[in-house]
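If you want the building blocks of each chain, they are given just below.
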Amino acid sequence: MAESDLKTVTAAMDALVRVSANMGSMERELLCPVCKEIAKQPVVLPCQHSVCLMCASEVLVANGYPPPELPPEPNSPASTPNTRSPRQARRPTPKAEQRPIDRVLRAGYGTYPGRRRKEGPPLVMMFPCIPCGREVELGEKGLTDCLRNLTLERIVERYRHTVSLGSVAVMCQFCKPPQALEATKGCTDCRASFCNECFKLYHPWGTPRAQHEHIQPTLNFRPKVLTCPEHDQEKLQFYCRSCQRLLCPLCKLRRLHAGHKILPVAHAYQALKEKITKEMNYILSNQETVLAQITQLESAITQTEVNSVAAREQLAQSIRDLTAALAERHSSLTQALEAARQKRGEALAGQVAERRSLLEHTGLMAFTQELLKETDPPCFVQAARQTHNRLNKSIENLQCFSLAADPSFRHFQLDVCKELKLLTELHFIHAPLAPVIDTQRTLAYDQLFLCWRLPPDSSPAWHFSVEYRRRGVVPGGGSRGGIRGGLAAARWGWQRLDEVSGTSAVIDRLEMDSVYVLRVRGCNKAGYGDYSEEVYLHTPPAPVLNFYLDSRWGLHADRLVVSKEQRCARSVPGLSLLQAADLALTSCHLTSDLLVGDVAITQGRHYWACSVEPGSYLVKVGVGLESKLQEWFHLPQDMASPRYDPDSGHDSGAEDALDSPPPFCFLTMGMGKIYLPQHHHSNHGTRDPITNSNSPSSPTGLTYPLPPRLGVSLDFEKGRVTFYDAHSLRPLWEGHVDCSGPVCPAFCFIGGGALQLQELVANRNADQTPVRRVTIQPRVSNLNNN
């Protein structure tokens with residue numbers, strides 16, 4: 001029996017130790033973020049963080065706000081001299097010298113009752129929340145609007161009792177100090193703890209005090225229920241999900257919560273408790289993942305320490321290398337300086353010796369005096385010639401005296417401003433900043449061409465990584481399209497082009513009529529930098545048709561000039577227009593020039609793009625039957641009354657042929673605008689043009705700003721032509737054309753103008769070496785190669 005009791009006691013002690021350990025590890029959740037101690041009388045801020053009431057008031061006073069009125073606790077043990085908390089002495093005092101006058105004055109101060117002076121907006125207190133890292137608005141009443149966190153107080157009380165293992169006893173507050181007994185009961189109404197005798201004495205039977213609610217003895221008495229801070233004694237019975245605040249029945253009727261979703265607090269309690277339970281169960285069921293991540297983090301901490309030691313050694317070695325290089329350079333410069341000093345000193349010393357020889361009774365002068373004593377003429381002449389030359393040279397030096405060497409060393413001063421700046425800015429290497437994508441040069445045509453640049457203050461990049469994916473596919477296998485979207489995601493995850501050396505890249509093998517998301521990041525010795533902002537590019541709706549301008553159809557060289565590459569044409573009004581100027585007052589005869597592509601389309605869907613110079617007078621872009629275009633070109637028509645109106649596509653003299661599609665389909669551009677004609681209602685089912693409410697319109701059509709590039713898509717089988725804004729692939733206008741025979745791209749110039757076909761991306765980058773392709777996620781390689 002003794003052995004079983006010992007096992008029971010041991011098991012109980014082990015369980016108590018485990019509970020104590022669990023509660024001990026919870027201490028960081030109970031700390032006040034201001035004082036870093038266990039929270040006492042915590043209040044809930046609007047950001048849902050809890051702070052000690054005393055700490056919050058001290059922070060507000062330190063920021064210049066008036067000291068708040070703290071609720072008194074007259075019968076609480078904390079207010080008695082024997083058990084008063086040390087923090088009760090920290091009640092904030094007003095700091096008048098730190099408070100702005102606008103924070104001291106309150107609305108209505110100094111006015112008589114019934115009238116309120118019109119002043120500025122009411123004072124709104126801002127509390128700097130440490131966990132949030134920002135200021136939280138408390139409102140006009142400050143801490144008065146903040147509810148007390150009774151749940152956290154109960155958890156703190158259980159924590160204190162568990163961790164201390166019941167060793168701290170609560171003493172009776174009404175026994176005299178020499179014979180003070182341990183308290184056995186606490187009264188929530190009296191807010192005090194009593195021993196048995198004192199409780200009977202202060203709560204006699206048959207009196208209202210006998211009905212007081214008694215609890216376990218405690219040092220921290222709390223209100224029974226939460227009440228509204230604005231309406232006294234009103235219980236908080238509702239919860240506003242829009243404001244995330246508890247409401248009393250009177251607050252619920254306020255206009256402030258009109259239209260908000262308000263629930264009974266019991267429903268909010270049940271829903272929130274179920275959510276927290278599910279979240280806790282999920283975390284508990286993934287303890288292996290938590291442990292694995294803890295192991296990974298601990299390994300990262302170890303690697304951080306090891307790598308920091310290696311980096312510190314590398315830093316010291318780099319500094320030593322710089323010091324050695326500076327020492328070596330210092331030695332070489334010192335040697336050069338010493339050599340210059342010695343050379344200049346020798347030159348000046350020679351000059352000094354020469355001048356000293358010119359002094360009387362010394363050197364040359366003494367020798368000359370002795371030479372003049374010679375009386376034999378032949379001997380004198382023979383010995384005096386050299387002395388004569390030396391004297392002449394000395395006289396010249398006396399008359400034109402100059403130093404043989406510059407005594408200053410101005411040329412030996414070091415300009416180290418640049419080096420000092422480099423040393424001052426010496427810092428660890430950084431990864432490149434996020435590149436900036438050049439949206440003007442980036443385009444999607446036969447292939448996708450992406451161009452970017454680094455910011456000016458960015459570190460250089462060794463190479464770049466380009467990533468792209470189809471829009472609507474979420475990386476990692478998810479998408480917005482259910483099962484089909486998941487299959488698309490498996491096929492179209494993030495694709496990547498690695499080690500792109502330049503600032504542009506070409507991406508091929510893309511799906512037609514799809515939107516792609518692209519981003520770029522740079523890499524250097526420090527690793528990869530941040531991604532650029534994502535850009536979206538729309539691929540053409542059909543395979544790109546590559547063609548050139550055909551100049552074999554009797555080109556008028558005096559009015560129309562085609563470039564050598566046959567991809568650009570310019571129309572210049574020539575002598576023919578000048579000669580027809582006398583007819584301008586009686587009729588509007590203008591000269592038109594036609595250009596066609598050198599290909600004829602007989603099947604399939606095709607797309608091409610061109611750009612028209614904004615200063616062009618009139619340029620028509622479209623398609624037409626090859627036979628009709630030849631007829632129109634060889635038999636020029638009067639453009640004021642043509643047989644085939646290129647805009648409408650209808651034969652003006654063929655009222656009996658309304659059911660047949662027109663042989664031409666053109667859009668007219670000029671003077672920075674594009675003209676979108678209204679459709680004639682026919683049996684061809686053409687859609688209305690895409691309009692813009694800001695574009696000026698008329699009963700016959702509307703004008704639209706000229707796009708930088710115009711795209712044309714031809715569906716030969718359906719006989720349908722669609723014009724696009726090639727930059728955004730937004731449809732502009734749609735029409736029909738007769739496809740009973742070969743159809744050619746056609747361009748018509750009226751007056752001066754210029755046009756250029758869009759160059760293929762493949763031709764532009766034919767000389768660039770292909771980059772290595774790396775696929776992040778596997779995908780099916782059944783792609784269209786434009």
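Residues numbered from 1 in each chain as written. Predicted model: local features only at pLDDT ≥ 70, side-chain atom pairs only at ≥ 80, totals over all residues. Heavy atoms only, no water.

(A) Spatial organisation of the overall build of the chain. Looking only at helices and strands, one finds 15 helices and 35 strands in the chain. When contacts within the chain are restricted to residue pairs at least 6 apart in sequence, those whose partners lie at least 24 apart make up 65%. On the chain, roughly 49,200 Å² of surface is accessible, and the fraction owed to carbon and sulfur atoms is 56%. (Helix = DSSP H or I, 4+ residues; strand = E, 2+ residues; numbered from the N terminus. Contact = heavy atoms within 4.5 Å. Areas by Shrake-Rupley, 256 points an atom, 1.4 Å probe, with all protein chains shown as cover.)

(B) Main features of the sheet that holds strand β10 (residues 262-264). Within the open sheet, the three strands sit side by side as β9-β8-β10. Their pairing is antiparallel. The two strands at the open ends of the sheet, each matched to only one other strand, are β9 (245-247) and β10. On average, each strand axis in the sheet is inclined to that of its neighbour by 35°, with strand direction left out of account. Contacts between helix α7 (residues 265-285) and the sheet are confined to β8 (238-240), β9 and β10, with β10 contributing the most and set at about 90° to the helix. (Pairing = 2+ DSSP bridges. Axes fitted to C-alpha atoms, helices over the stretch in contact; angles between N-to-C directions.)

(C) Just the pattern of salt bridges, in detail. Per the stated rule, a full pass over the model turns up eight salt bridges. Across the salt bridge formed by Arg496 and Asp498, the nearest N and O atoms sit 3.2 Å from each other. The buried category is assigned to Asp498, whose relative accessible area is 8%. Taken together, the shared-partner salt bridges in this structure form one network comprising Glu467, Arg519 and Glu534. (Salt bridge = Lys/Arg side-chain N within 4 Å of Asp/Glu carboxyl O. Buried < 20%, exposed > 50% of the residue type's maximum accessible area, 1.4 Å probe, protein only.)

(D) Here's a closer look at unusual backbone geometry. A positive phi angle, near 60°, is found at Lys36, a position not held by glycine. The residue Lys36 is located in the loop between α1 (2-25) and β1 (42-44) in this model. Unusually for a residue other than glycine, Gln41 sits at a positive phi of about 50°. Along the chain, the position of Gln41 falls in the loop between α1 and β1.

(E) Seen up close, helix α9 (residues 363-372). If you check which residues of α9 are buried, you get Leu364, Thr368 and Leu371. Seen end-on, α9 carries its buried residues on one side only, within an arc spanning 60°. Here the buried face of α9 lies against α10 (377-399). (Arc of directions from axis to C-beta.)

(F) Summary view of the packing of aromatic side chains. Tallied over the entire structure, the rule returns nine aromatic pairs. Centre to centre, the rings of Phe547 and Phe747 are 6.5 Å apart; their planes meet at 20°, and the pair counts as stacked. Placement of Phe547 in the loop between β19 (535-538) and β20 (549-550) and of Phe747 in strand β33 (residues 743-750) is noted, with a sequence separation of 200 residues between them. Taking the relative accessible area as the measure of exposure, Phe547 reaches 3% and is therefore buried. (Phe/Tyr/Trp six-rings, centres within 6.5 Å; stacked < 30°, edge-to-face > 60°.)

(G) Highlighting the sheet that holds strand β22 (residues 568-571). Read across the open sheet, the seven strands follow the order β21-β22-β34-β24-β30-β31-β32; overall the sheet is antiparallel. Two strands close off the open sheet at either side, each with one partner strand: β21 (560-562) and β32 (730-736). Strand-to-strand twist of the sheet, defined as the mean angle between neighbouring strand axes without regard to direction, takes the value 20°. The sheet contact formed by β21 and β22 spans three bridges and is antiparallel. Residue pairing in the sheet places Leu560 in a bridge with Ser571 of β22.

(H) Molecular detail of the nonpolar core. Ranked by internal contacts, the top residues of the largest apolar core, which has 51 residues, are Tyr445, Tyr607, Trp608, Val621, Ile674, Phe747 and Leu755. In terms of residue count, the dominant contributor to this core is strand β24 (residues 605-612) (five residues). Judged by nonpolar contacts, the second largest core, of 25 residues, contains Val51, Cys55, Tyr65 and Leu143. (Core = buried A, V, L, I, M, F, W, Y, C linked by side-chain atoms within 4.5 Å.)

(I) The state of the cysteines, seen in detail. Summed over the entire model, instances satisfying the criterion amount to zero disulfides. The structure places no disulfide on Cys47, whose sulfur is separated from the nearest cysteine sulfur, that of Cys129, by 3.5 Å. Of the residues examined, Cys47 reaches a relative accessible area of 15% and is grouped as buried. Looking at Cys198, it has no disulfide partner, and the nearest cysteine sulfur is the one in Cys195, 3.5 Å off. (Disulfide = S-S within 2.5 Å.)

(J) How the structure looks around a nonpolar patch on the surface. Among the surface-exposed residues, Leu315, Ile319, Leu322, Leu333, Leu414, Val416, Leu420, Leu423, Leu426 and Phe428 lie close enough to one another that they form a single nonpolar patch of about 900 Å² accessible area. The set of elements that each furnish at least two residues to the nonpolar patch consists of α8 (287-356) and α11 (417-424). Top contributing element to the nonpolar patch by residue count: α8, with four residues. When you line up the elements, Leu414 lands in the loop between α10 and α11. Of the residues examined, Leu414 reaches a relative accessible area of 61% and is grouped as exposed. (Patch = residues over 30% accessible without salt bridge, like charges linked within 9 Å, V, L, I, M, F, W, Y side chains within 5 Å.)

(K) Here's a closer look at the side chain of Arg709. Considering the arrangement of structural elements, one finds Arg709 in the loop between β29 (701-705) and β30 (710-715). Nearest to the buried, unbridged Arg709 among oppositely charged side chains is Asp725, at 6.9 Å. (Lys, Arg positive; Asp, Glu negative; His and termini not counted.)

(L) Focus on the packing of α9 against α10. At their nearest, the axes of α9 and α10 sit 11 Å apart, and the two run at 145° to each other. Handedness of the crossing formed by α9 with α10: left-handed. Note on element contacts: α10 touches α9 through Phe380, Ala383, Ala384, Thr387, Arg390, Leu391 and Ser394, opposite Leu364, Met365, Phe367, Thr368, Leu371 and Leu372. In terms of residue class, the contact of α9 with α10 is made up of nine nonpolar, three polar and one charged. (Left-handed = near helix turned anticlockwise from the far one by under 90°. Nonpolar A, V, L, I, M, F, W, Y, C, P; charged D, E, K, R; others polar.)

(M) Layout of the confidence of the model for the chain. Of the residues in the chain, 72% reach a pLDDT of 70 or more, and the chain-wide mean stands at 75. Low pLDDT, under 50, characterises residues 474-491; the predicted model gives this stretch 27 contacts beyond four residues in sequence or across chains. Scored below 50 in pLDDT, residues 766-786 makes 46 contacts in the model with residues more than four places away or belonging to other chains. (pLDDT = per-residue confidence, 0-100.)

(N) The arrangement of the pairing of strand β17 (residues 515-524) in detail. Counting buried residues in β17 gives nine out of ten residues, a clear majority hidden from the surface. Relative to β17, strand β14 (residues 463-470) is paired through eight bridges, and the arrangement is antiparallel. Residue pairing for β17: His463 is matched across the bridge by Cys523. As paired elements, β17 and β19 share four bridges and run antiparallel to each other. Note on β19: the bridge partner recorded for Leu518 is Val535. Pairing geometry for β17 and strand β18 (residues 527-528), over two bridges, is antiparallel. Paired with Asn524 across the strands is Gly527, a residue of β18. Here β17 hands over to β18 after two residues, the two strands then running antiparallel side by side.

(O) Local environment of the environment of Gln603. Within the element layout of this structure, Gln603 appears in the loop between β23 (592-597) and β24. For Gln603, a relative accessible area of 55% translates into the label exposed. Sequence separation of Gln603 and Val743 is 140 residues, and the distance between their C-alpha atoms is 9.3 Å. Every residue in contact with Gln603, bar those within four places of it in the chain, is listed here: Phe716 and Glu717.

(P) α8, seen in detail. With 70 residues, α8 should reach 104 Å at 1.5 Å per residue; the first-to-last C-alpha distance of 101 Å fits that figure. Within the sequence span of α8, burial applies to Ala340, Arg344 and Gln351. (Expected span 1.5 Å × (residues − 1).)

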